[in-house]
Structures are given as C-alpha cells and as structure tokens.
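What the coordinates show
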Amino acid sequence: PTPCLAGSVILFSAEDDVADTIRPRLERAGADVSKVHVLESVKARNQKTGIMERRSFSLADDLPALEQHLQTIGDVRLLVIDPV
C-alpha cells in the first residue's frame, strides 16, 4: 500500500478535554501537535439577541465554517469526529 502524504488533522471531540486528555495523548504518541487543529466552538450570531456568541460546533449548522477551516489550513488529510 502507498502511504498517505503527511498533513494536518481537524479534530472534533465532544467528550475529551484538549488540555488534559487529547494533547497529552498526541504527544505520547509522537504526533506533530502543530498539525492538529481542534474545533471546540464557533463564533455565531445568536438568532434571538443578535449578539455574537461562542457555541458548540454543529455539523448540521456549521458546514460552511468547516469548509472555511479546511481552506484556511490547506493540507488537511484527516477529519476526526469523536464520537460520531
């Protein structure tokens, strides 16, 4: 089999904390953590108040934001959704 080119990873995690769980695990596994981008929240306008707020990322509502992240990062080879 031909190996995949190295690239960036976008990670959604609804259960594990980045600082105390995800990053330490990546570091122990020898990952290049500079290539791992964790999406925890998005900045969006509250439909009721009109105020910009941070809220959890939603695949149902935020695919345009995900597409923007993919284009901005540019070399994404893997998208992880945990849990599916």
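Our structure's up above, just so we're on the same page.
Notes on the structure in this doc start here. (Residues numbered from 1 in each chain as written. Predicted model: local features only at pLDDT ≥ 70, side-chain atom pairs only at ≥ 80, totals over all residues. Heavy atoms only, no water.)

**Overview of helix α1 (residues 18-28)**
The N-terminus of α1 is capped by D17, whose side-chain oxygen sits 3.1 Å from the backbone nitrogen of A19. Following α1 by one or two positions, G30 adopts a phi angle in the positive range, close to 85°. (Polar contact = N/O pair within 3.5 Å; in protein donor to acceptor, adjacent residues only side chain to side chain. Helix = DSSP H or I, 4+ residues; strand = E, 2+ residues; numbered from the N terminus.)

**Quick notes on the nonpolar core**
Judged by nonpolar contacts, I10, F12, L39, V42, F57 and L66 together constitute the single largest core of six residues. Setting aside anything within four residues of it in sequence, one finds L39 in contact with I10, L11, F12, F57, L66 and H69. (Core = buried A, V, L, I, M, F, W, Y, C linked by side-chain atoms within 4.5 Å. Buried < 20%, exposed > 50% of the residue type's maximum accessible area, 1.4 Å probe, protein only. Contact = heavy atoms within 4.5 Å.)

**A closer look at the sheet that holds strand β5 (residues 76-82)**
Reading across from one edge, β2-β1-β5 is the order of the three strands in this open sheet, with parallel pairing throughout. With one partner strand each, in any of the chains shown, β2 (36-38) and β5 form the two edges of the open sheet. Across the sheet, the mean angle separating the axes of adjacent strands is 20° when strand polarity is ignored. Strand direction decides the pairing type here: strand β1 (residues 8-13) and β5, joined by six bridges, are parallel. Pairing of V9 across the sheet is with L78, part of β5. (Pairing = 2+ DSSP bridges. Axes fitted to C-alpha atoms, helices over the stretch in contact; angles between N-to-C directions.)

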